[in-house]
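An overview of the molecular structure
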Amino acid sequence: FSWMLIYQSALAQKVDFSHAMVFCPEQNNAPLKEAVVVLQQVIEEHSNIILPISPNLNTQGNPLIVVCITKEEGTLPKAFYTSLNKLSPTGKDGYKITFLKDEQTIIIAGFDERGALYGVGYLLRKMEMRRGQILVPENLNISSTPAYPIRGHQLGYRPKTNAYDAWIVDQFDHYIRDLALFGANSIEVMPPNTDDDFSNSHMKLPAIKMIAEQSRICKKYGLDVWMWYPNMGSNYTSTDSIQKELNEAAKVFKVLPKLNDLFVPGGDPGDLQPGVLFAWLKKLAVVLHQYHPKAKIWVSPQVFRPSQKWYDAFYKEVNRKYSWFGGVVFGPWGKEPIQKVRQLVN
């Protein structure tokens, strides 16, 4: 009996949004408009329906989807604002979604532009889409904020992955878009010289061009761009060798439209003593900030056979609070549990 009640209730909750329109109150907000574009694109891909953009809230009786950010809530009609205000406040990357049954309106209010994109992703996952039809549940009322500040995925365009090396730019775009719709906020790329081979017959673009495209795609969707940048040079104490590595780094940083963080592993590959490692990172930070002034450098204690002396020197450098330093990365070959690493970082 209770199962039948749930089943009947579920049937009654579907509302036809096949003729809906979309309204975005901020016409000059490019990241927010991109969230609207994504909403339209995915719906068209799954239903062959293109939801038109409404210039205002008057849709002449058609259902409406509003995409906005929190600071714009107060500009919406009172019923819209009141419904949103009943939900818990959100934080960075968060969103609120509410369904106003009488107005046949769904409101997605992101805490920020990226939150609005995640709200779009949630709505798309709740939709039932088939050719010529879009159904949505009328019980859409949610307030959600991510539990973790970094939610990323590495997309290494290189032969070693045996996966992404055959992809074209459009495939990366769709894949990164889908990762974003499920809550990813960062993508990690890597420079061209990190593999046994720089290229293979499957690669449609040189690696240096593809990582530029990956960065551009992330910028379009408002995602953070990380780069895994291991120490591949042969000598980090020789002036000439260091300059050669800095010149190579400049070529890489220059082509990226966006770079938020650089991750340099302490080893695997590139084992260096902490003093040499951090002296190199100081120089690398100068080049990095020529092209990406706000980017931070992160480092990990990934060393195959570290001594206690190595660890002591490493965390001494970590805790000097360099302006360019982002933090410590916990990864493979780390010999201490993450709880201990947290205790050692002041």
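Residues numbered from 1 in each chain as written. Predicted model: local features only at pLDDT ≥ 70, side-chain atom pairs only at ≥ 80, totals over all residues. Heavy atoms only, no water.

As a further point, take the overall build of the protein chain. When helices and strands are tallied, the protein chain shows 10 helices and 14 strands. The principal-axis extents of the C-alpha atoms in the protein chain amount to approximately 70 × 45 × 45 Å. Considering the protein chain as a whole, with its 346 residues, one finds that 50% of them fall into the buried category. By sequence separation, contacts in the protein chain at least 24 residues apart represent 74% of the contacts at least 6 residues apart. Of the roughly 17300 Å² of accessible surface on the protein chain, a fraction of 53% belongs to carbon and sulfur atoms. (Helix = DSSP H or I, 4+ residues; strand = E, 2+ residues; numbered from the N terminus. Buried < 20%, exposed > 50% of the residue type's maximum accessible area, 1.4 Å probe, protein only. Contact = heavy atoms within 4.5 Å. Areas by Shrake-Rupley, 256 points an atom, 1.4 Å probe, with all protein chains shown as cover.)

A cis geometry characterises the amide bond from Asp268 onward to Pro269, with omega recorded as 0°. Examined against the element boundaries, Pro269 turns out to sit in the loop between β12 (261-265) and α8 (274-291). In this structure, Asn48 is a non-glycine residue whose phi angle is positive, near 65°. One can find Asn48 in the loop between α2 (30-47) and β3 (64-69). At Lys321, a position not held by glycine, the phi torsion is positive, near 60°. Following the sequence through the fold, Lys321 ends up in the loop between α9 (308-318) and β14 (325-328).

This part takes up the pairing of strand β10 (residues 186-189). Every second residue of β10 is oriented toward a common face, with Ser186 and Glu188 on one face and Ile187 and Val189 on the other, all of them buried. In this structure, strand β9 (residues 152-154) lies alongside β10, joined through 3 bridges in parallel fashion. Along β10, the bridge assignment pairs His153 with Ile187. The handedness of the β9 to β10 crossover, carried by helix α5 (residues 169-181), is right-handed. Direction of pairing for β10 relative to strand β11 (residues 224-228): parallel, over a ladder of 4 bridges. If you follow Val189 over to β11, its bridge partner there is Met227. (Pairing = 2+ DSSP bridges. Right-handed = clockwise from strand over helix to strand, strands pointing away.)

Core analysis: the largest hydrophobic core is formed by 91 residues, its most contacted members being Ile65, Met227, Phe253, Leu262, Phe278, Leu281 and Leu284. For this core, the element with the most residues is α8, which contributes 8 residues. In this view, Leu262 contacts Met227, Tyr229, Phe253, Leu284, Leu288, Lys296, Ile297 and Trp298; residues no more than four positions away in its chain are not counted. Core analysis: the next-biggest nonpolar cluster, separate from the first, contains 11 residues, Phe23, Leu84, Leu100 and Ala109 among them. (Core = buried A, V, L, I, M, F, W, Y, C linked by side-chain atoms within 4.5 Å.)

So, on to α2. The end-to-end C-alpha separation of α2 is 25 Å, in line with the 26 Å expected for 18 residues at 1.5 Å each. Within the sequence span of α2, burial applies to Leu32, Glu34, Ala35, Val36, Val38, Leu39, Gln40, Val42, Ile43 and Ser47. Positive backbone phi, approximately 65°, marks Asn48, located one or two places after α2. (Expected span 1.5 Å × (residues − 1).)

Here we take up the layout of surface pockets. Gaps left between atoms are located by rolling a probe of water-molecule size over the structure's atoms. One number sums up the size of the largest pocket: a volume of about 640 Å³. Surrounding the largest pocket, 24 residues form its lining, Ile150, Trp226, Phe263, Val329 and Phe330 being those nearest its centre. Looking at the lining of the largest pocket, the elements that each hand over two or more residues are β9, β10, β11, β14 and α10 (338-344). Residues belonging to the lining of the largest pocket are distributed by class as follows: 13 nonpolar, 8 polar and 3 charged. Together, Pro31, Glu34, Ala35, Val38, Glu113, Arg114, Leu117, Lys219, Lys220, Tyr221, Gly222 and Lys258 line the second largest pocket. Elements supplying a minimum of two residues to the lining of the second largest pocket: α2, α4 (113-126) and α6 (207-221). (1 Å grid on protein atoms, 1.4 Å probe; cavity = no way out; pocket = protein on both sides within 12 Å on 5 of 7 lines; lining within 4 Å. Points joined across faces, edges and corners; volume = space filled by probe spheres on them. Nonpolar A, V, L, I, M, F, W, Y, C, P; charged D, E, K, R; others polar.)

A word on the sheet that holds β10. Strand order across the open sheet formed by 6 strands is β9-β10-β11-β12-β13-β14, with parallel pairing between neighbours. The open sheet is flanked by β9 and β14, the only strands paired with a single partner. For this sheet, the mean angle separating the axes of adjacent strands, direction not counted, is 25°. (Axes fitted to C-alpha atoms, helices over the stretch in contact; angles between N-to-C directions.)

Spatial relationships are all this shows, so hold off on functional conclusions.
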